Amino acid sequence: MWAENSVFYQIYPLGFCGAPFENDGITTSRILKVIDWIPHIQDLGANAIYFSPVFESDTHGYNTRDYRQIDCRLGTNEDFKKVCDELHHAGIKVVLDGVFNHVGRGFFAFQDVLKNRENSPYVSWFSRIDFGGNSGYNDGLWYEGWEGNYDLVKLNLRNEEVINHIFESIRFWAEEFDIDGLRLDVAYCLDKDFLKRLHSFCNDLKPEFWLLGELLHGDYNQFVNQDMLHSCTNYECYKGLFSSFNSMNMFEIVHSLLRQFGPENWTLYRGKHLFCFVDNHDVSRIASNLTNEKHLPLIYAMEFGMPGIPCVYYGSEWGAKAHKNEGDPALRACFEEPVDNELSEYISKLAEAHKNSKAICYGDFKSIVLTNHQCVFERNCDVERVFVAINASDSEYTAHFDSGSASMTDLISGETVHMENGLQMPAYSAYYLTV
């Protein structure tokens, strides 16, 4: 599957393009801005892009009005087709956010229910509607909203008409925009039979059509398997990454990685390729989340070296800051143009090392050296061994381990590293070492 050795770049389009929060009904071709960023995305080393919602919605994109129309605040379908064509021409795959658990109040079927009540042919399109109750919007009826959010009306994914509407929308996206996959919003809420049918439909629709699910906790195998999803968001390791650096306790992240990918028989996800990230549109940017800014390049080195598919959230590659308590607009900011700096250059080196190393993309995981401030782990496959070494301390450290060679090549810098007296690691340093 193409995603397994890819590096992703995430864009939240409505924020990225500086669109107004409320849908103003004015068609403005803001999405074409992405084309201007393609050279930067390529320089960063990303070869796949994940777009948060792009379809017509009430406000933030996740309250969909129309699955077959690009949000007018972003432009037209023709505008987005041009963006996708340019991305594909640049060798960049395109993954869209599939928001299928719920729709917005502006969705045509729900509007019909509000108007015609019990006589609407769309009553069964929604999970639960009680005409004897009332909603927070004083509709004179009650309905189920996602996690109590009544701007998000929960769909009935056991209704054949709903399933057909969604599947035909996906077919439209594949035919119109030639998309390469979907990220499924709140996949943990989706009906599992629906996911199985979705997997089969997409498998027939386009070769290697990739399905990523948003999962937060629990056993990811319930959703990531041969019948449902190819991958999911690795929120367990997201938390372990920043927490390990902030508490100066590398045991936390390595424990999670061993639990997920280690050599023991009880390992949960060995051989699977989960989606790795240090931040996204829903959480604090990593530059605001880390307590020591010198750990910023190191946490990316850890992300790109551990098992999984790495993703960079737009703006974070140069160290943009925003904290969750500032609200979603801060997390989903508009930047006039990309910034190239020392951090973005470093991430581009990590991306190239990741994409060009079979061991990093596909290899086993084994912990070699572990202290509170340092870790060395091995990624090993049939043709290559790579040692990922991190020193998060403000002091030098010498890591002693059997590398099998007197000298190794650092895939990040391209330099030769001599191992006769152990690995001499300066403060705040990272290596990807291979023979």
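The structure we're discussing is the one just above.
Residues numbered from 1 in each chain as written. Predicted model: local features only at pLDDT ≥ 70, side-chain atom pairs only at ≥ 80, totals over all residues. Heavy atoms only, no water.

What about the overall build of the protein?
Next up, step 1: Counting its secondary structure elements, the protein contains 13 helices and 23 strands.
Next up, step 2: Compactness check: the protein gives a C-alpha radius of gyration of 23 Å against a globular reference of 22 Å for 435 residues, within 12% of the reference.
Next up, step 3: Counting only C-alpha atoms, the protein reaches 80 × 45 × 40 Å along its principal axes.
Next up, step 4: Sorting the 435 residues of the protein into buried and exposed places 57% on the buried side.
Next up, step 5: For the protein, the exposed area adds up to about 17100 Å²; of that, 46% sits on carbon and sulfur atoms.
Next up, step 6: Where the 35 positive side-chain charges of the protein centre and where its 62 negative ones centre are 4 Å apart. (Helix = DSSP H or I, 4+ residues; strand = E, 2+ residues; numbered from the N terminus. Rg over C-alpha atoms; globule rule 2.2 N^0.38 Å. Buried < 20%, exposed > 50% of the residue type's maximum accessible area, 1.4 Å probe, protein only. Areas by Shrake-Rupley, 256 points an atom, 1.4 Å probe, with all protein chains shown as cover. Lys, Arg positive; Asp, Glu negative; His and termini not counted. Charge placed at Lys NZ, Arg CZ, Asp CG, Glu CD.)

Let's talk about the environment of asparagine 265
Next up, step 1: Considering the arrangement of structural elements, one finds asparagine 265 in the loop between helix 8 (250-261) and strand 14 (275-276).
Next up, step 2: With relative accessibility at 78%, the residue asparagine 265 sits in the exposed group.
Next up, step 3: Here the alpha-carbon distance between asparagine 265 and proline 121, two residues 144 residues apart in the chain, equals 52 Å.

Quick look at the pairing of strand 10 (residues 149-154)
Next up, step 1: Direction of pairing for strand 6 (residues 102-103) relative to strand 10: antiparallel, over a ladder of 2 bridges. Looking at the pairing, histidine 102 lines up with lysine 154 of strand 10.
Next up, step 2: If you look at the hairpin formed by strand 9 (residues 145-146) and strand 10, you'll find 2 residues sitting between the two strands, and glutamate 147 has a positive phi there, around 50°. (Pairing = 2+ DSSP bridges.)

Quick notes on helix 8
Next up, step 1: Given a rise of 1.5 Å per residue, 12 residues ought to cover 16 Å, and the 16 Å separating the end C-alpha atoms of helix 8 matches this to within 8%.
Next up, step 2: Within the span of helix 8, buried status applies to Met250, Ile253, Val254, Ser256, Leu257, Gln260 and Phe261. Looking straight down helix 8, one finds that the buried residues subtend no more than 155° of arc, so they occupy a single side. (Expected span 1.5 Å × (residues − 1). Arc of directions from axis to C-beta.)

Considering the sheet that holds strand 23 (residues 429-434)
Next up, step 1: On the basis of which strands lie adjacent, the open sheet formed by 6 strands has the order 16-17-18-23-20-21 and antiparallel pairing. Edge positions in the sheet fall to strand 16 (364-370) and strand 21 (416-418), since each of these pairs with one other strand and no more. Sheet twist, expressed as the average angle between the axes of neighbouring strands with direction ignored, equals 30°.
Next up, step 2: One ladder, built from 5 bridges, connects strand 18 (residues 385-391) with strand 23; its direction is antiparallel. Bridging across to strand 23, valine 388 finds its partner in tyrosine 432.
Next up, step 3: Strands strand 16 and strand 17 (374-380) of the sheet are contacted by helix 8, whose axis makes an angle of about 155° with strand 16.
Next up, step 4: Contacts from helix 10 (residues 296-305) reach strand 17, strand 18 and strand 23 within the one sheet, and its direction differs from that of strand 23 by about 30°. (Axes fitted to C-alpha atoms, helices over the stretch in contact; angles between N-to-C directions. Contact = heavy atoms within 4.5 Å.)

Observations regarding the side chain of serine 244
Next up, step 1: You can see serine 244 is positioned in helix 7 (residues 235-246).
Next up, step 2: Owing to a relative accessible area of 0%, serine 244 belongs among the buried residues under this scheme.

Considerations on helix 3 (residues 77-89)
Next up, step 1: With 13 residues, helix 3 should reach 18 Å at 1.5 Å per residue; the first-to-last C-alpha distance of 18 Å fits that figure.
Next up, step 2: Taken as a whole, helix 3 has its buried residues at Asn77, Asp79, Phe80, Val83, Cys84 and Leu87. Buried residues in helix 3, looked at end-on, bunch into an arc of 160°, giving them a common side. Across helix 3 from its buried face, at more than 90 degrees, point the exposed residues Glu78 and His89.
Next up, step 3: Looking at the buried residues of helix 3, the elements they touch are helix 2 (33-44), strand 2 (48-51), strand 4 (64-70), strand 5 (93-98) and helix 5 (160-177).
Next up, step 4: Within two residues after helix 3, glycine 91 carries a phi angle of roughly 80°, on the positive side.

Points about the sheet that holds strand 13 (residues 231-232)
The strands making up a sheet associate through backbone hydrogen bonding, with each pair oriented either parallel or antiparallel.
Next up, step 1: Ordered by their spatial adjacency, 8 strands build an open sheet running 13-12-11-5-2-1-15-14, and the pairing between neighbours is parallel. Only two strands of the sheet have a single partner each, and these edge strands are strand 13 and strand 14.
Next up, step 2: Looking at chain direction, strand 11 (residues 181-184) and strand 12 (residues 210-213) are connected through 4 bridges and run parallel. Residue pairing in the sheet places arginine 183 in a bridge with leucine 212 of strand 12.
Next up, step 3: Lying over the sheet, helix 2 contacts strand 1 (8-11), strand 2 and strand 15 (309-313), oriented at roughly 150° with respect to strand 1.
Next up, step 4: Here helix 3 sits on the sheet in contact with strand 2 and strand 5, set at roughly 140° to strand 5.

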